[in-house]
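Examining the three-dimensional arrangement
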Amino acid sequence: MTIAWIMRKYNVYTFPPGVGRYELIKENPEQTGDAEEDYWNECFTWQDLKMVVPYFRSLGWKVAVEPLAREDAMGKIHIFSFTCGINHDFRILDISGIRIIMARDFGIHRSIKESLNPIGY
């Protein structure tokens, strides 16, 4: 096990058939007010993935996982955190004790949404 693996978290997206892409956000009940720290705490650990990914695949949904190093979290926020639900279809799920916000933005152009850059708003 390398240190890089320990310091890595993951962004997860799921694709219900015929609906589009949902961003999965791990609930962070203790917001710090530091955008990068909150973003990092809303990403999934390797242990989380072992429960979350099989759940969505059992529903027949595609799942995309993007590895994220700590330094890659600088300047990023999750869309749902920034807009607080405006123009979002969202659901809150509990999967094996992990509370997850499943959010899909339908009010912002996809290229801006996928940049995860709040300057684009």
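Structure first, text after, so check above.
Everything in this summary refers to the structure shown in the same document. (Residues numbered from 1 in each chain as written. Predicted model: local features only at pLDDT ≥ 70, side-chain atom pairs only at ≥ 80, totals over all residues. Heavy atoms only, no water.)

**A closer look at the overall build of the protein chain**
For clarity, the threshold we go by: Strands are runs of DSSP state E lasting at least two residues, helices are runs of H or I lasting at least four, and both sets are numbered from the N terminus onward. The contact criterion used is simple: two residues touch if any of their non-hydrogen atoms lie within 4.5 Å. Residue exposure ignores everything except the shown protein chains as possible cover, and the areas themselves are Shrake-Rupley values with a 1.4 Å probe.
Along its length, the protein chain carries 5 helices and 5 strands. Counting contacts in the protein chain only where the partners sit at least 6 residues apart, residues at least 24 apart contribute 66% of the total. Total accessible area on the protein chain stands at roughly 7000 Å², and carbon and sulfur atoms take up 57% of it.

**Thoughts on the pattern of salt bridges**
The following threshold applies: Salt bridge, as used here: a side-chain nitrogen of Lys or Arg that lies within 4 Å of a carboxyl oxygen of Asp or Glu. For each residue, the accessible area found with a 1.4 Å probe, counting protein chains only, is set against the maximum for its type, and the residue is called buried under 20%, exposed over 50%, and partly exposed in between.
Scanning the model with the defined rule gives 3 salt bridges in all. Close ionic contact of Lys26 with Asp48 constitutes a salt bridge, the shortest N to O distance being 2.8 Å. Residue Lys26 is located in strand β2 (residues 22–26), and its partner Asp48 is located in helix α3 (residues 46–58); the two are separated by 22 residues in the primary sequence. You can call Asp48 buried: its relative accessible area is 7%. Close ionic contact of Glu27 with Arg99 constitutes a salt bridge, the shortest N to O distance being 3.0 Å. Here Glu27, found in the loop between β2 and α2 (35–41), pairs with Arg99, found in strand β5 (residues 98–105); they are 72 residues apart in sequence, far enough to count as distant. Classification of Glu27 as partly exposed rests on a relative accessible area of 32%.

**Brief notes about the nonpolar core**
Keep this limit in mind: The set of buried Ala, Val, Leu, Ile, Met, Phe, Trp, Tyr and Cys residues whose side-chain atoms join them within 4.5 Å is what this entry labels a nonpolar core.
Leu24, Phe44, Val52, Phe56 and Ile100 are the most contacted members of the largest nonpolar core, which has 15 residues in total. Those elements giving two or more residues to this core turn out to be β1 (8–15), β2, α3 and β5. With 4 residues, the single largest contributor to this core is α3. Those residues in contact with Phe56 that lie beyond four places of it in its chain are Thr14, Leu24, Trp61, Val63, Leu93, Ile95 and Met102. With 5 residues, the next largest nonpolar core counts Tyr39, Cys43, Leu68 and Ala73 among its residues.

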